[in-house]
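Coordinates in review
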Amino acid sequence: MIPQTTAPPDGLKAALGGLPVPRLLYYASAGSTNDVAIEWAEEGAADWSLVVADEQTKGRGRFGRRWFTPPRSALAFSVVVRPTEAERSVMGRFAAWGALGVASALEALGLKPRIKWPNDVLLGGEKVSGVLAEAVWSGDVPTALVVGIGVNVLASAVPPRELTDFPAGSVEAHLGVKPARWHLLRRILMAMAEWRARLPTDEFLRAWEARLAYRGAQVQLGEARGVLLGLSRDGGIVLRTPSGERLILHAVADAHLRPIHQFSQNP
Ligand code: BTN
């Protein structure tokens, strides 16, 4: 059963004006907005239905990791997607869609975000946003996708270093002022609406690739190492290995893409 909602703040309601969101479920505190959105999708939620929580107590990241959403400091939201026929052939792009939406919104604020493949958004090398896309199934047919996005808006949203496996930061720290959360959410959703129209195109792939972190640098993913050349058509990363071979990699269970610093003591 979908948990009891809270009345949304006026600022949030106003921020959704003119966006393609048919319905909003808002929570002062939720376990995970993805869990609520999955349940809602199973009950028939329409395309672009939106779940927003001020705080998450069981926020989930990729590979079953925890995702921290303390109250009044972050964005945690999930969008229900009913893919069109054209989008069904590029389902793997939906997580990057979220990252591109966040990156575009941050660019509109004058920042220079990078997307750490596949879909973490970095500012100054620190992770400020993550995306968790999950399919909703009816038997063995995917009927919807839930795209969940977390953004560390204020500095108080950043988890302690010992609880993360990659340096984390906030939009506030890089902007120098406190961004208005609902205004940022509006910008992200607007950008997502624009990118969605181009999701199946090469332009989408090029936009994702143009923002890739560590392009031209040495990286490591699981056991593989090489220079990051770019993206393959199906959204994998292309590496040139030390032996000169071109290697295309897709998600490697529980392994993060990492830069290899040339002079590191612990390569
Ligand atoms: C990651 O970087 O590992 C992905 C993090 C995704 C976090 C968001 S916050 C909103 C939505 N609800 C969740 O439980 N997770 C996603």
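Quick note: structure is the one above.
The following paragraphs examine the structure supplied in this document. (Residues numbered from 1 in each chain as written. Predicted model: local features only at pLDDT ≥ 70, side-chain atom pairs only at ≥ 80, totals over all residues. Heavy atoms only, no water.)

**A look at empty space enclosed by the protein**
Taken as a whole and assessed by the stated rule, the structure comprises 1 cavity of 30 Å³ or more. Considering only enclosed or pocket space, the largest cavity measures out at about 40 Å³ in volume. As for the largest cavity, its lining consists of Arg-62, Phe-63, Trp-117, Pro-118, Leu-221, Ala-251, Val-252, Ala-255, His-256 and Leu-257. Tallied by class, the residues present in the lining of the largest cavity amount to 8 nonpolar, 1 polar and 1 charged. Looking at the lining of the largest cavity, you find at least three residues from each of domain 1 (10–210) and domain 2 (218–265). (1 Å grid on protein atoms, 1.4 Å probe; cavity = no way out; pocket = protein on both sides within 12 Å on 5 of 7 lines; lining within 4 Å. Points joined across faces, edges and corners; volume = space filled by probe spheres on them. Nonpolar A, V, L, I, M, F, W, Y, C, P; charged D, E, K, R; others polar. Domains from an automatic or database assignment.)

**Re the sheet that holds strand E12 (residues 258–259)**
Note on sheets: strands pair through backbone hydrogen bonds, and any given pair is parallel or antiparallel. Taken in spatial order, the 5 strands make up an open sheet running E11-E10-E9-E8-E12, and their pairing is antiparallel. This sheet does not close on itself; its edge strands, each paired only once, are strand E11 (246–249) and E12. Across 4 bridges, strand E9 (residues 224–231) lies against strand E10 (residues 237–240) in antiparallel orientation. The residue bridging Leu-231 from the neighbouring strand is Ile-237, located in E10. (Pairing = 2+ DSSP bridges. Helix = DSSP H or I, 4+ residues; strand = E, 2+ residues; numbered from the N terminus.)

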